[in-house]
Amino acid sequence: MEEFKYLIPEESIDAIMDNVATLRTIENDLRQVFVKNGYLEVLMPSFEYVDLYNDMDIGIEEEKMFQYINYEGKRVALRTDFTVPLARLYSSKKEQGEKRYCYFGKVYRKEKRHKGRSSEFFQAGVELLGKAGYEGDIECLQVIQETLSSLQLKDIKIEMSSAKFYHRLLKLVDDESFVDILKKRDLSAIKKLIEKKQIQSPLKDLLIQLPRCFGDIDILKKMIAIIQDEELKAALKELENLYNHLNNKDVFSFDLAMTPSMKYYTGIMIKGYSPYSAETIINGGRYDRLMNHFHKDVPAIGFSYDLSHILNALEKEGESHD
Ligand SMILES: N[C@@H](Cc1c[nH]c[nH+]1)C(=O)O
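Taking an unreviewed UniProt entry as the reference, the protein is identified by name as ATP phosphoribosyltransferase regulatory subunit belonging to Longibaculum muris. The UniProt entry for the protein carries this comment under Pathway (unreviewed entry): "Amino-acid biosynthesis; L-histidine biosynthesis; L-histidine from 5-phospho-alpha-D-ribose 1-diphosphate: step 1/9." Its UniProt record, at the heading Function (unreviewed entry), says of the protein: "Required for the first step of histidine biosynthesis. May allow the feedback regulation of ATP phosphoribosyltransferase activity by histidine."

Peer 1: Can you lay out the pairing of strand 6 (residues 120-129) for me, pointing to particular residues and giving the numbers?
Peer 2: In summary, the side chains of a regular strand alternate between the two faces of the sheet. Across the ten residues of strand 6, ten count as buried, placing the element largely inside the fold. Across the two faces of strand 6 the burial is the same, with Glu120, Phe122, Ala124, Val126 and Leu128 and Phe121, Gln123, Gly125, Glu127 and Leu129 all buried. The pairing of strand 5 (residues 99-108) with strand 6 spans ten bridges and is antiparallel. Within strand 6, the residue paired with Tyr108 across the bridge is Glu120. Relative to strand 12 (residues 300-306), strand 6 runs antiparallel, the two being bridged by seven bridges. By the bridge assignment for strand 12, Gln123 is matched with Asp306.

Peer 1: Now, about the side chain of Glu27: what can you tell me, with residues and values included?
Peer 2: With respect to the helices and strands, Glu27 occurs in helix 1 (residues 20-36). Given the relative accessible area of 8%, Glu27 is considered buried. If we skip the residues at most four places from it in the chain, Glu27 touches Phe104 and Phe122.

Peer 1: Quick one: what's the story with the site of the ligand, residue by residue and with numbers?
Peer 2: Around the ligand lies a shell of 16 residues, among which Asp81, Thr83, Arg109, Glu127 and Tyr265 are the nearest. The separation between a nitrogen atom of the ligand and a polar side-chain atom of Asp81 is 2.7 Å. Taking Phe303, its main chain carries an N or O atom lying 3.4 Å from a nitrogen atom of the ligand. In the complex, 98% of the free accessible area of the ligand, which totals 300 Å², lies under the protein chains.

Peer 1: Can you break down the packing of helix 1 against helix 4 (residues 133-147) residue by residue, with the values?
Peer 2: In the contact formed by helix 1 and helix 4, the axes pass within 10 Å of each other and the chain directions differ by 145°. The handedness of the crossing between helix 1 and helix 4 comes out as right-handed. When helix 1 is examined against helix 4, the residues Leu30, Val33, Phe34 and Lys36 are found in contact with a partner set consisting of Val143, Glu146 and Thr147. For the contact of helix 1 with helix 4, the class distribution of residues is four nonpolar, one polar and two charged.

Peer 1: Describe the pattern of salt bridges, and please don't skip the residues or the numbers.
Peer 2: Taken as a whole and judged by the stated rule, the model has 23 salt bridges. The partner of Glu146 in a salt bridge is Lys36, and the shortest N-O contact between them spans 2.7 Å. Of the two residues, Glu146 is situated in helix 4 and Lys36 in helix 1; the sequence distance between them amounts to 110 residues. A residue is classified by how much of its surface remains accessible, and Lys36, at 62% relative accessible area, is exposed. The partner of Lys99 in a salt bridge is Glu95, with the nearest N and O atoms 3.7 Å apart. Judged by its relative accessible area of 23%, Lys99 falls in the partly exposed class. We classify Glu95 as buried; its relative accessible area is 19%. It is possible to trace a salt-bridge network through shared partners that takes in Arg24, Glu27, Arg31 and Glu41.

Conventions we followed
- Residues numbered from 1 in each chain as written.
- Predicted model: local features only at pLDDT ≥ 70, side-chain atom pairs only at ≥ 80, totals over all residues.
- Heavy atoms only, no water.
- UniProt positions renumbered as here; feature names shortened; annotations may be inferred.
- Buried < 20%, exposed > 50% of the residue type's maximum accessible area, 1.4 Å probe, protein only.
- Helix = DSSP H or I, 4+ residues; strand = E, 2+ residues; numbered from the N terminus.
- Pairing = 2+ DSSP bridges.
- Contact = heavy atoms within 4.5 Å.
- Near = heavy atom within 4 Å.
- Polar contact = N/O pair within 3.5 Å; in protein donor to acceptor, adjacent residues only side chain to side chain.
- Areas by Shrake-Rupley, 256 points an atom, 1.4 Å probe, with all protein chains shown as cover.
- Axes fitted to C-alpha atoms, helices over the stretch in contact; angles between N-to-C directions.
- Left-handed = near helix turned anticlockwise from the far one by under 90°.
- Nonpolar A, V, L, I, M, F, W, Y, C, P; charged D, E, K, R; others polar.
- Salt bridge = Lys/Arg side-chain N within 4 Å of Asp/Glu carboxyl O.

If you want it as structure tokens, here you go:
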């Protein structure tokens, strides 16, 4: 029996973080910028109904949730996301117009195979509710820019794409296997799919280029010039317009093969990377239809930093300079 005392379940790791002092410094720096920009800090509950997260086609997959059945016989989940509960909060308080929330805390997500990976992620994020279109997007991207230096990491890259572009592509290709192929950027599978579905140019040319469709503004301009489908073109033009309005463009680039990390994204999608992290350190995007679930028509955008991954990256970056 003695040896079992030291065992931990597969969902767990020895300690979530041991460099908590750094976490608190980063958290406080971020908080200052969020609050300065008018974001109200909220402390969200750890438990929500499973149905809150997944009772809609743009919700969160049930496999990701840690859940139990409560005394009412209802399924309750550990907080799996901040964005969905904040949409609930906004609607239940009958808020109207623009509202800015920020938060710090953990989300719990099941991994397919845990194998030494944590299921707890410490996030810091903001949600900007009620501000539509590119003005909301710009505000959100500017908050990211203003907070980047708080992360203490060098060489952060932020890639952008468009959920409108992604969903239109899915519709045009019309094949279940496409999402997985896109995630793997598998050119030979794309070629097979083109054969199977008898896809003709110009869509064919776009698909062949897609796995390598990342880079600076030139890649976006190039694709805008060759794409003929009006919806695809309009989605990319929206991104171009956004980019043109950004002050400091250095950290931003594009990845048109990006797949949404959350099903609720409807417009711009944002992913941030450090060379010292295999996982994304920033995730975000516009989600204009999530609030429909609460019978509201409210546009919204937000992002979150994954502080667990950021701290790991900081440690690796430090080791590489030793
Ligand atoms: N909730 C998203 C990030 C996000 C915040 N707002 C919009 N998106 C995530 O955990 O990946």
